[in-house]
Amino acid sequence: MSDNLKRFLVDVTENPDLKDQYKKDKTGLMDQYNLTKEEQTMVANQDLDGINKALNDEYDLAPNSIIRVNKKQL
Amino acid sequence: MENKGYLYVVGTGLNTLNHITQEAKRHIAQSEHVFHLVPDPLGLSLLKSLNSNLHYLGDCYALTTDRIAAYQLMVKRVMTQLTTAHKVCVVFYGHPGIFVSPSHALIQQAKEQGYVAQMLPGISAEDCLFSDLGIDPASAGCQSYEASYFLLNQVTCNVQAPLILWQLGVLGDFAGERLTCDPKALELLQQKLGKVYPPQHPVTLYEAATLSLYEPRIETLPLAKLTEFNFSQRSTLFIPACSDVVRDESIYLELKKHQLKELNNV
């Protein structure tokens with residue numbers, strides 16, 4: 001689990017001003033949170049699967065759509 | 001019937017930290033057992049902060065041959081726990097009642113067996129779509145279908161109202177086994193839509209933002225280029241109306257006459 005990446009994403013979620021700051025200076029803000037170059041690349045490329053893998057150290061998380069296919073055979 | 005316990009089925013919304021409701025958080029915090037199928041790690045962290053007795057349902061996929069069997073296993077697990085617990089909460093991503101068949105099965109079975117069972121609303125992908133695309137379903141109505149269902153059935157398409165097709169990422173899935181869009185199915189969908197919409201009619205690929213950092217994915221192409229979209233598992237297709245509604249004059253006049261008569265009688 002990447003604690004810095006998690007803290008960065010949580011802070012950006014909870015503080016809209018930080019999102020604006022990210023738009024203006026992506027690298028500067030990510031540097032403030034000590035994200036590694038690899039993490040910064042994932043964030044900049046919107047690599048959701050990579051981010052999920054970096055954040056998760058417990059489960060093999062199910063992708064969104066898999067759970068949302070509606071079937072009535074239950 | 002004897003009240004044996006409580007089952008609450010709740011949703012996290014699409015962006016858990018921002019979307020989860022206060023009501024859902026309270027039920028998660030106050031339950032003895034919390035089962036979940038939440039695919040985002042930030043959402044998972046929030047669940048952990050609310051309740052330490054978490055049970056992940058995602059491993060059901062690995063224990064079964066297809067998704068239908070996985071859903072049945074999920075229901076069985078929760079129902080088994082419910083027999084020994086006073087209060088159980090099940091957490092799904094998004095809205096727990098939209099495109100989540102185990103949630104409905106759980107509510108039904110729990111009620112049949114004498115438990116108090118309730119599903120609580122969550123923010124759905126459709127809610128996000130209305131906001132991000134600026135659509136008000138009250139203005140011209142709205143049709144909403146799972147894309148494979150729409151393709152495989154003789155659905156009457158109303159071109160006077162917007163059409164939303166969900167789960168393009170698994171278009172052509174018959175048996176709950178496919179995890180990608182079948183190119184042939186996409187071609188057939190284009191043909192089917194082409195029978196009622198003109199080739200240049202705009203169609204929009206939409207994906208809600210699941211992290212606050214990002215914007216939703218919104219891409220628009222003419223219907224003739226539908227197959228050029230790069231659909232992901234999160235993709236939805238939005239098709240605006242292509243014809244104006246014509247007022248039903250006979251009903252309009254009859255109602256107007258009736259209301260004028262009422263006014264004159266006052």
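Remember, it's a predicted structure, so these values are computed and weren't measured experimentally.

Examining the overall build of chain B
Next up, step 1: Per the secondary structure count, chain B includes 11 helices and 10 strands.
Next up, step 2: With the C-alpha coordinates aligned to their principal axes, the bounding extent of chain B is approximately 60 × 60 × 35 Å.
Next up, step 3: A burial count over chain B gives 50% of its 266 residues as buried.
Next up, step 4: Here the analysis covers contacts within chain B between residues at least 6 apart in sequence; of these, 62% occur between residues at least 24 apart.
Next up, step 5: About 12,700 Å² of surface is accessible on chain B, with carbon and sulfur atoms providing 52% of the total.
Next up, step 6: Charged side chains of chain B number 20 positive and 25 negative; the gap between the two group centres comes to 2 Å.

Topic: the environment of W166 of chain B
All names here are of chain B.
Next up, step 1: Relative to the assigned elements, W166 resides in strand β7 (residues 163-166).
Next up, step 2: Here W166 falls in the buried class, since its relative accessible area comes to 7%.
Next up, step 3: Placed 14 residues apart in sequence, W166 and T180 show a C-alpha to C-alpha distance of 13 Å.
Next up, step 4: Not counting residues up to four positions away in its chain, the partners in contact with W166 are F99, A125, E126, L129, S144, Y145, E146, A147, S235 and T236.
Next up, step 5: Side chain to side chain, W166 and S144 meet in a polar contact 2.6 Å long.

So, the nonpolar core
Residues and elements named next belong to chain B.
Next up, step 1: Within the largest apolar cluster, 27 residues are counted, with the highest numbers of intra-cluster contacts made by L7, M74, V78, V88 and V90.
Next up, step 2: Mapped onto this core, the elements with two or more residues apiece are β1 (6-11), β2 (33-37), α4 (60-63), α5 (67-82), β4 (87-92) and α6 (101-112).
Next up, step 3: With eight residues, the single largest contributor to this core is α5.
Next up, step 4: Of all hydrophobic cores here, the second largest spans 24 residues; its members include L165, A185, V203 and I239.

Digging into the packing of aromatic side chains
Residue and element names in this part refer to chain B.
Next up, step 1: Under the criterion given, the structure shown has seven aromatic pairs over all chains.
Next up, step 2: With a centroid separation of 6.5 Å and an interplanar angle of 0°, the aromatic rings of Y6 and Y8 are classed as stacked.
Next up, step 3: Residue Y6 is classed as partly exposed on the basis of its relative accessible area, which comes to 26%.
Next up, step 4: The positively charged end of K192 is found above the aromatic ring belonging to F150, 5.0 Å away from the centroid.

Details of the confidence of the model for chain A
Detail in the predicted coordinates should be disregarded across regions flagged by low pLDDT.
Residues and elements named next belong to chain A.
Next up, step 1: When the pLDDT values of chain A are averaged, the result is 81; 74% of them are 70 or greater.
Next up, step 2: Least confident of the elements in chain A is helix α5 (residues 48-55), whose mean pLDDT is 86; most confident is helix α3 (residues 26-32), at 96.
Next up, step 3: For the stretch residues 63-74, pLDDT sits under 50, and the model shows 49 contacts to residues farther than four places along the chain or on other chains.

Here's the deal with helix α2 (residues 16-24) of chain A
All names here are of chain A.
Next up, step 1: Along α2, the positions that sit buried rather than exposed are L18, K19 and Y22. Each buried residue of α2 lies within a common arc of 105° when the element is viewed along its axis, so the set occupies one face. Away from the buried face of α2 by more than 90 degrees, exposed residues P16, D17 and K24 are located.
Next up, step 2: Here the buried face of α2 lies against α1 (3-14), α3 and α4 (37-44).
Next up, step 3: Structurally, the start of α2 carries an N-cap: the backbone nitrogen of D17 is 3.0 Å from a side-chain oxygen of N15.

What to know about the sheet that holds strand β3 (residues 54-56) of chain B
Pairing between sheet strands relies on hydrogen bonds along the backbone, with the strands arranged either parallel or antiparallel.
Residue and element names in this part refer to chain B.
Next up, step 1: Spatial ordering of the open sheet is given by β3-β2-β4-β1-β5, a layout of five strands whose pairing is parallel. Edge strands, defined here as strands with exactly one partner in the open sheet, are β3 and β5 (116-119). The sheet shows a mean angle of 20° between the axes of neighbouring strands, taken without regard to direction.
Next up, step 2: Sheet analysis places β1 next to β5, joined by four bridges and oriented parallel. Following the sheet pairing, V9 is matched in β5 by M119.
Next up, step 3: Those strands touched by α6 are β1, β4 and β5, and its axis lies near 155° from that of β5.

Conventions used here
Residues numbered from 1 in each chain as written. Chains lettered and ligands numbered in written order. Predicted model: local features only at pLDDT ≥ 70, side-chain atom pairs only at ≥ 80, totals over all residues. Heavy atoms only, no water. Helix = DSSP H or I, 4+ residues; strand = E, 2+ residues; numbered from the N terminus. Buried < 20%, exposed > 50% of the residue type's maximum accessible area, 1.4 Å probe, protein only. Contact = heavy atoms within 4.5 Å. Areas by Shrake-Rupley, 256 points an atom, 1.4 Å probe, with all protein chains shown as cover. Lys, Arg positive; Asp, Glu negative; His and termini not counted. Charge placed at Lys NZ, Arg CZ, Asp CG, Glu CD. Polar contact = N/O pair within 3.5 Å; in protein donor to acceptor, adjacent residues only side chain to side chain. Core = buried A, V, L, I, M, F, W, Y, C linked by side-chain atoms within 4.5 Å. Phe/Tyr/Trp six-rings, centres within 6.5 Å; stacked < 30°, edge-to-face > 60°. Lys NZ or Arg CZ within 6 Å of the ring centre and 35° of its normal. pLDDT = per-residue confidence, 0-100. Arc of directions from axis to C-beta. Pairing = 2+ DSSP bridges. Axes fitted to C-alpha atoms, helices over the stretch in contact; angles between N-to-C directions.

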